[in-house]
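# Descriptive analysis of the structure
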Amino acid sequence: MSHYRRPHQPGATVFFTVNLADLSSGLLVRQIDILRDAVRQTRVARPFVIDEWVVLPNHMHCVWTLPKGDADFSNRMGEIKGRFSRMVRRSGPAPTPTVNNRYGVVGGRKRVGAGPDLRDEVSIWQKRFWEHHIRDDADYVAHVNYCWINPIKHGLVKDVRDWPYSSWHRDCGDVGRG
């Protein structure tokens with residue numbers, strides 16, 4: 001059994017990559033309002049600053065700054081993932097694939113729901129996420145820019161302005177559009 005140890009730096013700024021278990025799914029953009037609610041509820045319970053966030057169909061990247069004296073980014077991300085999963089399951093049918101991808105097999109089952117036997121549930125998210133503690137201003141700018149260009153990198157749009165699920169719109173809006 002591996003014992004992955006994450007750094008714990010109070011007040012840190014952290015970059016994340018979080019993937020769905022089914023990499024062929026578009027669940028995150030189809031259920032964007034549920035994801036936003038899960039984030040909003042988590043921030044009410046456990047505040048943090050959203051420096052940047054971009055949501056793609058099957059994964060998301062974000063940069064957060066934690067409150068001074070607080071280093072617990074891992075449980076916050078776990079709460080977002082858990083809330084999203086529960087709300088999706090309550091909202092009706094959700095993906096039920098058996099997917100064989102580079103991360104292994106994601107087991108199939110008859111339905112997604114809050115049934116009595118949770119072992120029959122398909123995991124919506126990959127078990128872990130990737131995080132990187134931002135080191136300095138240049139590292140911060142590089143990771144924010146990475147978030148902004150990710151929809152272009154994945155061929156979803158040709159211009160960052162055209163991807164609706166990015167906090168780029170909050171931060172830059174229509175700057176530069178004539």
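Residues numbered from 1 in each chain as written. Predicted model: local features only at pLDDT ≥ 70, side-chain atom pairs only at ≥ 80, totals over all residues. Heavy atoms only, no water.

Per the secondary structure count, the chain includes 5 helices and 6 strands. Listed by position from the N terminus, the elements making up the chain come as β-α-α-β-β-α-β-β-β-α-α. Every one of the 178 residues in the chain was classed for burial, and the buried ones make up 49%. Residue pairs at least 24 apart in sequence account for 69% of intrachain contacts in the chain once pairs closer than 6 positions are excluded. Looking at the chain as shown, the accessible area adds up to about 10100 Å², and 53% of this sits on carbon and sulfur atoms. (Helix = DSSP H or I, 4+ residues; strand = E, 2+ residues; numbered from the N terminus. Buried < 20%, exposed > 50% of the residue type's maximum accessible area, 1.4 Å probe, protein only. Contact = heavy atoms within 4.5 Å. Areas by Shrake-Rupley, 256 points an atom, 1.4 Å probe, with all protein chains shown as cover.)

In terms of nonpolar packing, the biggest core is built from 42 residues, with Phe16, Leu35, Trp53, Trp64 and Phe84 touching the most fellow members. Secondary structure elements with two or more residues in this core: strand E1 (13–19), helix H1 (27–30), helix H2 (32–45), strand E2 (49–55), strand E3 (59–65), helix H3 (73–90) and helix H4 (137–153). A per-element tally of this core places H3 first, with 6 residues. Excluding residues that lie within four positions of it along the chain, Phe84 makes contacts with Leu27, Leu28, Gln31, Ile34, Leu35, Ala38, Ile124 and Trp125. (Core = buried A, V, L, I, M, F, W, Y, C linked by side-chain atoms within 4.5 Å.)

As a further point, take H4. Between its terminal C-alpha atoms H4 stretches 23 Å, which fits the 24 Å expected from 17 residues at 1.5 Å a residue. Among all positions in H4, only Asp139, His143, Val144, Cys147, Trp148, Asn150 and Pro151 are buried. If you follow the buried residues of H4, they end up packed against E1, E2, E3, strand E6 (130–133) and helix H5 (168–171). The N-cap of H4, judged by a side-chain oxygen 3.2 Å from the amide nitrogen of Ala138 a few residues on, is Asp136. (Expected span 1.5 Å × (residues − 1). Polar contact = N/O pair within 3.5 Å; in protein donor to acceptor, adjacent residues only side chain to side chain.)

The next subject is the packing of H2 against H3. Where H2 contacts H3, the axes come no closer than 8 Å and their chain directions differ by 135°. Classified by the angle their axes make, H2 and H3 are oblique. As H2 packs across H3, the resulting crossing turns out to be right-handed. Residue-level contacts link Ile34, Leu35, Asp37, Ala38, Val39, Gln41, Thr42 and Ala45 of H2 to Arg76, Glu79, Ile80, Arg83, Phe84, Met87 and Val88 of H3. Among the residues making up the contact of H2 with H3, the classes are represented as 9 nonpolar, 2 polar and 4 charged. (Axes fitted to C-alpha atoms, helices over the stretch in contact; angles between N-to-C directions. Parallel < 35°, antiparallel > 145°, perpendicular 65-115°, else oblique. Left-handed = near helix turned anticlockwise from the far one by under 90°. Nonpolar A, V, L, I, M, F, W, Y, C, P; charged D, E, K, R; others polar.)

Right, let's get into the confidence of the model for the chain. Residue-level pLDDT values for the chain average 84, and 78% of them are 70 or greater. Predicted confidence is poor over residues 98–120, with pLDDT under 50, and the contacts of this stretch with residues over four places away or in other chains come to 41 contacts. (pLDDT = per-residue confidence, 0-100.)

Right, let's get into the packing of aromatic side chains. Inspection of every chain in the model, using the stated rule, returns 10 aromatic pairs. Summarising the aromatic geometry, the rings of Phe15 and Trp130 are spaced 5.9 Å apart at their centres and angled 75° between planes, so their arrangement reads as edge-to-face. Residue Phe15 is found in strand E1, and its partner Trp130 is found in strand E6; the two are separated by 115 residues along the sequence. With a centroid separation of 4.0 Å and 25° between ring planes, the pair formed by Phe48 and Trp64 is classed as stacked. Taken together, the residues span a long stretch of sequence, with Phe48 in the loop between H2 and E2 and Trp64 in strand E3 at a distance of 16 residues. Like Phe48, the residue Trp64 is buried in the burial classification. Connected via pairs of aromatic rings, a cluster forms that spans Phe16, Phe48, Trp53, Trp64, Phe73 and Phe129. Positioned above the aromatic ring of Phe48, the side-chain terminus of Arg43 is 5.5 Å from the ring centre. (Phe/Tyr/Trp six-rings, centres within 6.5 Å; stacked < 30°, edge-to-face > 60°. Lys NZ or Arg CZ within 6 Å of the ring centre and 35° of its normal.)

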